[in-house]
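Now for the letters of each chain:
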Amino acid sequence: MERIGIFPGSFDPFTKGHEDIVRRFLPQFDRVIIALGVNSKKKYMFDTDSRIEHIESLFKACPTVSVEAYEGLTVDFCQRKKAGYLLRGLRSSADFEFEKAIAQMNADISKGEGNVVETLFLMTDKNLSAISSSIVREIKKNNGNIAQFVTNEELLIINT
Ligand code: ADP
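Note that the structure is predicted; figures quoted are calculated from it, not measured.

A.B. asks: Just to check I follow, could you spell out the site of the ligand for this structure?
C.D. replies: Taken together, 17 residues sit near the ligand, with Ser-10, His-18, Gly-89, Leu-128 and Ile-131 positioned nearest. One nitrogen or oxygen atom from the main chain of Ile-131 is found 3.0 Å from a nitrogen atom belonging to the ligand. Considering the ligand on its own, with 550 Å² of exposed area, one finds that the protein chains cover 84% of that surface. Residue assignment for the shell around the ligand shows that the elements contributing at least two residues are strand 1 (4-9), helix 1 (16-25), strand 4 (85-90) and helix 4 (93-113). For the shell around the ligand, the per-class residue count stands at six nonpolar, seven polar and four charged.

A.B. asks: Even after reading the chapter, I still don't get the packing of helix 3 (residues 74-81) against helix 4, so can you show me in this structure?
C.D. replies: Between two packed helices, the angle of one axis relative to the other and the distance separating the axes together describe the packing. Contact geometry of helix 3 with helix 4 gives a least axis separation of 9 Å together with a crossing angle of 45°. Taken together, the axis directions place helix 3 and helix 4 in an arrangement best described as oblique. The chirality of how helix 3 crosses helix 4 is right-handed. Here Val-75, Asp-76 and Gln-79 of helix 3 lie close against helix 4, whose contacting residues are Asn-106, Ile-109, Ser-110 and Glu-113.

Parameters at a glance
Residues numbered from 1 in each chain as written. Predicted model: local features only at pLDDT ≥ 70, side-chain atom pairs only at ≥ 80, totals over all residues. Heavy atoms only, no water. Near = heavy atom within 4 Å. Polar contact = N/O pair within 3.5 Å; in protein donor to acceptor, adjacent residues only side chain to side chain. Areas by Shrake-Rupley, 256 points an atom, 1.4 Å probe, with all protein chains shown as cover. Helix = DSSP H or I, 4+ residues; strand = E, 2+ residues; numbered from the N terminus. Nonpolar A, V, L, I, M, F, W, Y, C, P; charged D, E, K, R; others polar. Axes fitted to C-alpha atoms, helices over the stretch in contact; angles between N-to-C directions. Parallel < 35°, antiparallel > 145°, perpendicular 65-115°, else oblique. Left-handed = near helix turned anticlockwise from the far one by under 90°. Contact = heavy atoms within 4.5 Å.

Next up, the structure:
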């Protein structure tokens, strides 16, 4: 059976921290799907299509990586894609506590539906651990330069 990992998030925007996590998980999987969660009630700073194109540009040399938008429960998306693994990064103890609850609940929900979705974690790179999408948005909002935190940031279009 194909080993498929899903890396979910809103990626508003997709930072060098996210990019590093995907690149380090890649050798362990036949396919990795970067799954952009879309909540129609939420306002994002960067346009959804530009976020997808931006992420695709980063992995165009990696045929086993694809990018998809999804709505609804992440575990349901995993079942649709026949993916057994959720991939996450850990930056801090706050991330750990938050991720632990979600991972345990996702395992419970998916168990009820047939295939248990396991969550796998990689520790953040020490040079990238301070990067978060919310701080990057704050810098952008105040006309700061985000190029050192986001590869190919010129592809991102701000929602008006
Ligand atoms: P969302 O986009 O849904 O708000 P996040 O950007 O917080 O989610 O995170 C998506 C995943 O990426 C989480 O597992 C998070 O811990 C991880 N992540 C975010 N930034 C980094 C980073 N700088 N280094 C490693 N992992 C990160």
